[in-house]
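Remarks on the overall topology
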Amino acid sequence: MRARDPGTSEQVLVLAPTGRDSAAACSLLEQAGLACKSCSGMDELCCELDIGAGGAVIAEEAFFRSDPACLFEWVDNQPPWSDFPFVILTTHRDAPRARQHTVELISKLRNVTLQERPIQTVTLVTAVDAALRARLRQYEAAKYLAEREQAASRLEELIRERTRQLQEANIRLIGAQESLTMALEAAQMRTWNVDLIERASESSPDGTSSGDAAWLLSRWSAAIGEALPSSDRGEFGRAFEQALATGKFHVEIRLAGGEDETRWVVAEGRLYRDQQNRPIRLAGTIRDVTERRQIEESLRQTQKLEVIGQLTGGVAHDFNNLLTAVLGNIELASLRTRDEKLLSILRSAAGAAERGAKLTSQLLAFARKQHLAPRVVSLNELVSSMGDLLHQTLGATIRIETVLEKDVWPVLTDPTQLELVILNLAINSRDAMPHGGRLTVATKNIGASDRRRPVGLPDADYVALAVSDTGSGMTHEVAVKAFEPFFTTKAIGQGTGLGLSQVLGFARQSGGDVRIESRVGQGTTITILLPRSRESLPRPVDENRAMSHDGNAATILVVDDDPAVRHLTVQALETMNYRVIEAENGRVGLDMFRQNGRIDLALIDLVMPVMNGRQLATQIRAADPQRPILFMTGYDDLSGSDDPFAEEMVIKKPFKLVELAAAVEQTLERRDPHAPGWNVTPIRKIKRKQP
Ligand SMILES: Nc1ncnc2c1ncn2[C@@H]1O[C@H](COP(=O)(O)OP(=O)(O)OP(=O)(O)O)[C@@H](O)[C@H]1O
Ligand SMILES: [Mg+2]
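Let us look at the structure shown here. (Residues numbered from 1 in each chain as written. Chains lettered and ligands numbered in written order. Predicted model: local features only at pLDDT ≥ 70, side-chain atom pairs only at ≥ 80, totals over all residues.)

**What to know about the sheet that holds strand β13 (residues 437–446)**
Strand order across the open sheet formed by five strands is β11-β13-β14-β16-β15, with mixed pairing between neighbours. Of all the strands in the sheet, the pair left with one neighbour each is β11 (398–404) and β15 (513–519). Across the sheet, the mean angle from the axis of one strand to that of its neighbour is 15 degrees, orientation sign disregarded. The pairing of β13 with strand β14 (residues 462–469) spans eight bridges and is antiparallel. Across the sheet, residue Ile-446 finds its bridge partner in β14, namely Tyr-462. The strands touched by helix α14 (residues 415–432) within the sheet are β11, β13, β14 and β16 (523–531), with β14 carrying the most contacts at an inclination of about 25 degrees. (Pairing = 2+ DSSP bridges. Helix = DSSP H or I, 4+ residues; strand = E, 2+ residues; numbered from the N terminus. Axes fitted to C-alpha atoms, helices over the stretch in contact; angles between N-to-C directions. Contact = placed C-beta atoms within 7 Å.)

**Some points on the site of ligand 1**
Residues in contact with ligand 1 amount to 23 residues; listed here are only the nearest, Asn-428, Ala-432, Thr-488, Gly-495 and Gly-499. If you list the elements that add at least two residues to the shell around ligand 1, you get α14 and α16 (499–509). Here the shell around ligand 1 takes four residues from α14, the largest share from any one element. (Near = placed C-beta within 6 Å.)

**Focus on the pairing of β14**
Strand residues, when the strand is regular, have side chains that alternate between the two faces of the sheet. Counting buried positions along β14 yields seven of eight residues, so the element is predominantly enclosed. Bridging between β14 and β16 involves eight bridges; their strand directions are antiparallel. Bridging from a neighbouring strand, Ala-464 pairs with Leu-529 of β16. (Buried ≥ 20, exposed ≤ 12 C-beta atoms within 10 Å, placed from the backbone.)

**Section: the nonpolar core**
The tendency in soluble globular proteins is for nonpolar side chains to be buried side by side. Ranked by size, the top nonpolar core spans 44 residues in total, and within it Ile-556, Leu-557, Ala-602, Leu-603, Ile-604, Leu-630 and Leu-660 carry the most contacts. With six residues, the single largest contributor to this core is helix α20 (residues 657–668). Taken together, domain 3 (294–366) and domain 5 (543–686) each give at least three residues to this core, which thus spans both. Leu-630 has contacts with Leu-601, Leu-603, Met-649, Ile-651, Ala-663, Val-664 and Thr-667, leaving out every residue within four places of it along the chain. In this structure, Trp-409, Val-441, Met-474 and Leu-498 belong to the second largest nonpolar core, which totals 42 residues. (Core = buried A, V, L, I, M, F, W, Y, C linked by C-beta atoms within 7 Å. Domains from an automatic or database assignment.)

**A word on unusual backbone geometry**
With an omega dihedral of -5 degrees, the bond running from Arg-117 to Pro-118 counts as a cis peptide bond. Its location among the elements puts Pro-118 in the loop between β5 (111–117) and α6 (121–186). Although it is not a glycine, Asn-277 adopts a positive phi angle of roughly 70 degrees. For Asn-277, a count of 10 C-beta atoms within 10 Å gives the class exposed.

**Quick word on the environment of Val-559**
You can see Val-559 is positioned in strand β17 (residues 555–559). With 29 C-beta atoms counted inside 10 Å, the residue Val-559 sits in the buried group. Residues Val-559 and Met-632 lie 73 residues apart in sequence; the distance between their C-alpha atoms is 9.4 Å. In this structure Val-559 touches Ala-583, Gly-586, Gly-589, Ala-602, Ile-604, Asp-605 and Leu-616, once residues within four positions along its chain are discounted.

**Some remarks on the sheet that holds β5**
Pairing is parallel across the open sheet formed by five strands, whose spatial order is β2-β1-β3-β4-β5. Of all strands in the sheet, those bounded by a partner on one side alone are β2 (36–38) and β5. On average, adjacent strands in this sheet sit at an angle of 20 degrees to one another, irrespective of strand direction. Here strand β4 (residues 85–91) runs beside β5; their pairing, made up of seven bridges, is parallel. Considered in β5, the bridge of Thr-91 is made with Arg-117. Where helix α5 (residues 96–109) meets the sheet, it contacts β4 and β5, and its direction lies at approximately 145 degrees from that of β5. Across the sheet, α6 lies against β1 (12–15), β3 (55–59), β4 and β5, angled at about 155 degrees from β4, the strand it touches most.

**So, the environment of Gln-188**
Mapped onto the elements, Gln-188 comes out in the loop between α6 and β6 (189–195). Along the backbone, Gln-188 and Ile-224 are 36 residues apart, and their C-alpha atoms lie at a distance of 14 Å. Apart from residues lying up to four places away in sequence, Gln-188 is in contact with Arg-287 and Asp-288.

**Side note on the environment of Val-266**
Its location among the elements puts Val-266 in strand β8 (residues 263–273). Judged by local crowding, Val-266 falls into the partly exposed class, with 17 C-beta atoms found within 10 Å. Distance in space between the C-alpha atoms of Val-266 and Ile-556 is 68 Å, their sequence separation being 290 residues. Apart from residues lying up to four places away in sequence, Val-266 is in contact with Glu-252, Arg-287 and Val-289.

**Quick look at helix α11 (residues 340–366)**
Between the first and last C-alpha of α11 there are 39 Å, a value that for 27 residues agrees with the 39 Å anticipated at 1.5 Å per step. Considered for burial, the residues of α11 that qualify are Ala-353, Ala-357, Thr-360, Ser-361, Gln-362, Leu-363, Leu-364, Ala-365 and Phe-366. Each element contacted by the buried residues of α11 is listed here: α10 (290–335) and α16. With its phi angle positive at about 55 degrees, Arg-368 sits one or two positions after the end of α11. (Expected span 1.5 Å × (residues − 1).)

The following block contains the structure:
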């Protein structure tokens, strides 16, 4: 027998209040194999129904003998799946009231089978059996419904769980995407992705053709939204072949921007293949490396200029000595003749030699080995004083503007050289504006913390002098080479290509630098940056007094290894009535100094073999710490910060005789050695900046 449970019970309940009807019916049903329970009254029946039953057989009179309210209530409160089967045993009666009562009963109990008494056993069993089968189907439906409900709620739970997991994954994905975007932005990177499936179905599984590379390039360009110049396409094709072989894609190429706006990028990626080993996807990143390339390029350029500078410096040094001799001899010869014809020849010889000297000085300037006679200068005053010169040089079609910052800081610079530099820049601008335009000369202070300061400068205050034009501008290729000596785009005979080299050499030797900004068709700005000075103006030298000295029989020791220069110097000094002793190197010079009791001044070349100028001077000063010494040089040798001769005066070769006269006199009379005359400065000021 099954356990009694409202969802499965097959118990048949019997309620027949008259005599032994109940027991008899039960025994009949039990004989037919059905489980049966006889109930004593309506209340018990209701209790049994609560416990669980498969059907009920109720004699009609039971509804008159006891209150059926609990039964009707039970029927009303059945669960939706349940339609409990009742078999009501009736007695045939014709009275309408009785029929009415039966109809009411049927409507209240809902699932009713009427069996009229006297009743056959078989009929009763069949009716109860049918009721039970109907009940069993209800149980099944209930079970099915419950299972469905359970499945539905499990499904709901599952959906809730999956939704939660999806949301979490989504949040993680958004976070990862944000970090990736941030990382890519920080690294100035972008991603790209090219689908190769379409192509894979066409190409052979093991290789590629040049058509593939071209196809890929067009897809890749579309993916990054930019095109490649044709010169770099081969490089791209090679990178693709490499990717097919190794799975890794790497290429450094240019992107075709505007005419002077080439950008360099590094593209890196991976090749993905399907199970048949066919390439299906190429994806990776792209990174702008223009700045790095520019820095590398400018470093290479600087190193190249440095090497050229050293070479040029050496050659120019020898030329300088030659020209000193040539010019000096011409000058001496001019002093000794009054023959106008000869004088005119000598003048044109001097003119040619001076042009040579100018070229040499430009080379020395580029090599940062020119003698600078720095003074404290106001750039605004210097620029203003050049107005007429610039107008004459540039002509009427070019408008000249100055934008001078008020209270511009003073700079320590050689004003004559700086004027030459500005003139050089103005001439370049004039050449770039054959049909006229505008030249602007501007000054401005750039403090150590100024945001406008160009990159790559040491932390210090600078004054910027910018010369801008509205001319043809330069391509990137020309701009990088513009500072190289002898680089020119001008026709033969029109430019030596030394202008900007000199500008750069001058700026660097003055402790500053130069920057170039140029756009094709728009113009060029060249900015010279000079370090701010806090020194005060030196006293100017009286030019008229320079040659007035009559020698006064002072004895001068001249030590120079270059015979031409030495000979000239000796002759010049003798012309000025000095007594002169000459020596071809430091060692001989020292001997002569020791042998001759009275030497009033030693005139010593700084750079000499055997014993150099400083070594000789050291020996002389050891013997007599007060002995006046004047150095000569055509070349800036490096001297350490502990140079004991830093305050001694030096005269620069090639010098004019008047300059030599003034310097000698100044040194002999021990006039303020800190006030430089022309062509004469303390050694410390000509020191070249240590590279
Ligand atoms: N303001 C400018 N505008 C356009 N191009 C310029 C400008 N300044 C210089 N350049 C370019 O740079 C090149 C080098 O200039 P640089 O002054 O060194 O030599 P140059 O003018 O050719 O000859 P030089 O100055 O010795 O007579 C020039 O040939 C020119 O192509
Ligand atoms: Mg020039």
